[in-house]
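# Structural description and commentary
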Amino acid sequence: MPITPGNAPRTPHVQVGPIDLVARVDDALAVQALAFGLSEEEIGVRHHIVLRHLMYPGCRSLGATTPEGRLVGFVYGLPNDRAHWWSTVVEPYLRRQDANSWLDDVFVITELHVHPSFQAQGIGRELITAITDGVPQPRSILSAIDVESPARRLYRSLGYRDLARQVHFPSAPRPYAVMGAPLPLPRKHSPAPATD
């Protein structure tokens, strides 16, 4: 049964399930470009990055599709490896917060995007909870732009808490926050846990 935040209407015909992201990478990047505001040049760079990530052991992907097969959301992630680029960038920030151990035995949510016309309907929540279900790692980690946003509120409602803030990725114009949560993620919408 689809999970919805609060009283938001859920688009009943959108189905979340496994997707061949290699075959649908252009569709996925079109969703990401709209949701995240990417330029054509950035899409080209990310195309190669996504295809490389999908070759890593343990990488999983899910899509949200309409009955006509239109991709309106996607998520993919993989077990963290400290040698991966993302991990090398965030490690010094986590170390300064005494949270360096969060890079071990953890499942990384690499990308999660929903088409703007389909946001606030519980699709992002369903994608992230479904992809983390059944992974062998006991916790999950991700990075999100470090501003108050619907995405950050969603992550907090799922138990993610800030591990490091004002994380600067090369060539990214805005700083990010790194967030982590124990698994499994809660299946029902609940208030965000209190933080110190």
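Below you will find a few notes about this structure. Each chain has its residues counted from 1, running along the sequence as written. For this predicted model, a pLDDT threshold of at least 70 governs which residues receive local features, and a threshold of 80 or more governs which side-chain atom pairs are given and counted, while totals over whole chains, interfaces and linings are taken from all residues. Values shown for side chains rest on all heavy atoms present in the structure; no hydrogens or waters enter the calculation.

## Considerations on the packing of aromatic side chains
Each Phe, Tyr or Trp ring (for Trp, its six-membered ring) is paired with any other whose centre lies within 6.5 Å, and the angle between the two planes then decides the class: stacked below 30 degrees, edge-to-face above 60, tilted in between. For the coordinates displayed, the defined rule picks out 3 aromatic pairs. Between Tyr155 and Tyr160, the ring centres sit 5.9 Å apart and the planes meet at 65°, which makes this aromatic pair edge-to-face. Considered together, Tyr155 and Tyr160 belong to a single accessibility category, that of buried residues. Taking 5.2 Å as the distance between ring centres and 90° as the angle between the ring planes, the aromatic pair formed by Phe169 and Tyr176 counts as edge-to-face. Each of the two residues, Phe169 as well as Tyr176, counts as buried. Here the aromatic cluster, defined as three or more aromatic residues joined through ring pairs, consists of Trp85, Phe169 and Tyr176. Lysine and arginine charges are scored as sitting over a ring when NZ or CZ, respectively, is within 6 Å of the ring centre and within 35 degrees of the ring normal. Taking NZ or CZ as reference, Arg96 lies 4.9 Å from the ring centre of Tyr93, over its face. Over the ring of Trp102 we find Arg139; its NZ or CZ atom is 4.5 Å from the centre of that ring. Under the scheme applied here, a residue whose accessible area is under 20% of the maximum for its type counts as buried, over 50% as exposed, and between as partly exposed, the area being computed with a 1.4 Å probe on protein chains only.

## Details of helix α3 (residues 85–96)
Since one α-helical turn is 3.6 residues long, residues separated by three or four positions face the same way. What counts as a helix is a DSSP run of H or I of at least four residues, what counts as a strand is a run of E of at least two, and both are numbered from the N terminus. Burial in α3 covers these residues: Trp86, Ser87, Val89, Val90, Glu91, Tyr93 and Leu94. Looking at the buried side of α3, the elements it contacts are β4 (107–114), β5 (139–145), β6 (161–167) and β7 (176–182). Two residues or fewer past α3, Asp98 is found with a positive phi of approximately 55°. Residue contacts are counted whenever heavy atoms from the two residues lie within 4.5 Å of one another.

## As for the environment of Val108
Tracing the backbone through its elements, the reader meets Val108 in strand β4. The class for Val108 is buried, based on a relative accessible area of 7%. Taking the C-alpha atoms as reference, Val108 lies 5.7 Å from Ser140; in sequence the two are 32 residues apart. Leave out the neighbours within four places in its chain, and Val108 touches Tyr76, Gly77, Leu78, Asn80, Trp86 and Ile141.

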